[in-house]
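Each chain is listed here by its residues.
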Amino acid sequence: IKAEHQKRSLTVPEQEIVASTVERAFISDPSLALAIIASPAFRAEVFRRPREAFRFAAEALDSSREDDPNRVKAMWAVLWAGLSVNDHDRTQSICQWLIENTEESSQDHRFAALQLGFMNFERRNWPEAHRWTNLAKDLATKYGVAYDQAVCQVQIASLAWHEGYFDQAEQGYLEAMVQFQ
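A short tour of the structure in this document, coming up. Every value quoted in this text rests on a predicted model; they were computed, and no experiment measured them.

**Notes on the overall build of the protein**
Scanning the protein from N- to C-terminus turns up 11 helices and zero strands. Ordered by position from N to C terminus, the α and β elements of the protein give α-α-α-α-α-α-α-α-α-α-α. Principal-axis analysis of the C-alpha atoms places the extent of the protein at approximately 60 × 35 × 30 Å. For the protein, the residues scored as buried account for 38% of the 181 residues in total. For the protein, the share of sequence-separated contacts (at least 6 apart) that also reach a separation of at least 24 residues comes to 53%. Carbon and sulfur atoms make up 54% of the accessible area of the protein, which totals about 11000 Å². Charged side chains in the protein number 19 positive and 26 negative. The centres of these two groups are separated by 5 Å.

Have a look at this one:
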């Protein structure tokens, strides 16, 4: 029976039941909304309806407890949704919080630094883009996370290309290709 349930979609009446249940639970238990937002399933909604997903996720995050076990995962949902609607102030503050409140060795810490690098890249603030991207790469190197090192190397190469350092960019991309293999 469990396998059958996983293969089928919910009927319209079942969808309505789930929606009304979640709505009531959201009002009485905000941690449930945070758990939903923290789930991988919510990520699809960020791409389907970014503005609505951002509003819903931000409200849930704002009403959550600091110690909620789903808070960090939910922050990433708000961050991705915020980037989709170009709310860089909110996403930047989330990245700063993650850097200040997560272990230096954690993926959350590295990715927050890398995301700050990318946001500054988008703003063409090259010094800050380099600072944060290099921090993320240094942490990936320090903690032996080769894949993250390669991702950071690609971003550093992209920075070089956009700044007009084409030879340096090409070398950086080639180094990243070797790291990805």
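**Remarks on the layout of surface pockets**
Within this model, the largest pocket holds a volume of roughly 630 Å³. Lining the largest pocket are 16 residues, and of these I36, F42, E45, R49 and F56 sit closest to its centre. Secondary structure elements with two or more residues in the lining of the largest pocket: helix 2 (12-28), helix 4 (40-48) and helix 5 (50-62). If you tally residues by element for the lining of the largest pocket, the top one is helix 4, at five residues. Considering only residue class, the lining of the largest pocket consists of nine nonpolar, one polar and six charged. Considered as a void within the structure, the second largest pocket measures approximately 250 Å³ in volume. If you trace the second largest pocket, you find 14 residues lining it, with R43, K73, W76, A77 and W80 closest to the centre.

**Quick word on the packing of aromatic side chains**
As enumerated under the stated definition, the model contains six aromatic pairs in all. Through successive ring pairs, a cluster of aromatic residues spans F118, F121 and W126. When the ring centre of W97 is taken as origin, the NZ or CZ atom of R71, which lies over that ring, is 5.9 Å away. The cationic tip of R124 hangs over the ring face of F121; the distance from NZ or CZ to the ring centre is 5.2 Å.

Conventions used here
- Residues numbered from 1 in each chain as written.
- Predicted model: local features only at pLDDT ≥ 70, side-chain atom pairs only at ≥ 80, totals over all residues.
- Heavy atoms only, no water.
- Helix = DSSP H or I, 4+ residues; strand = E, 2+ residues; numbered from the N terminus.
- Buried < 20%, exposed > 50% of the residue type's maximum accessible area, 1.4 Å probe, protein only.
- Contact = heavy atoms within 4.5 Å.
- Areas by Shrake-Rupley, 256 points an atom, 1.4 Å probe, with all protein chains shown as cover.
- Lys, Arg positive; Asp, Glu negative; His and termini not counted.
- Charge placed at Lys NZ, Arg CZ, Asp CG, Glu CD.
- 1 Å grid on protein atoms, 1.4 Å probe; cavity = no way out; pocket = protein on both sides within 12 Å on 5 of 7 lines; lining within 4 Å.
- Points joined across faces, edges and corners; volume = space filled by probe spheres on them.
- Nonpolar A, V, L, I, M, F, W, Y, C, P; charged D, E, K, R; others polar.
- Phe/Tyr/Trp six-rings, centres within 6.5 Å; stacked < 30°, edge-to-face > 60°.
- Lys NZ or Arg CZ within 6 Å of the ring centre and 35° of its normal.

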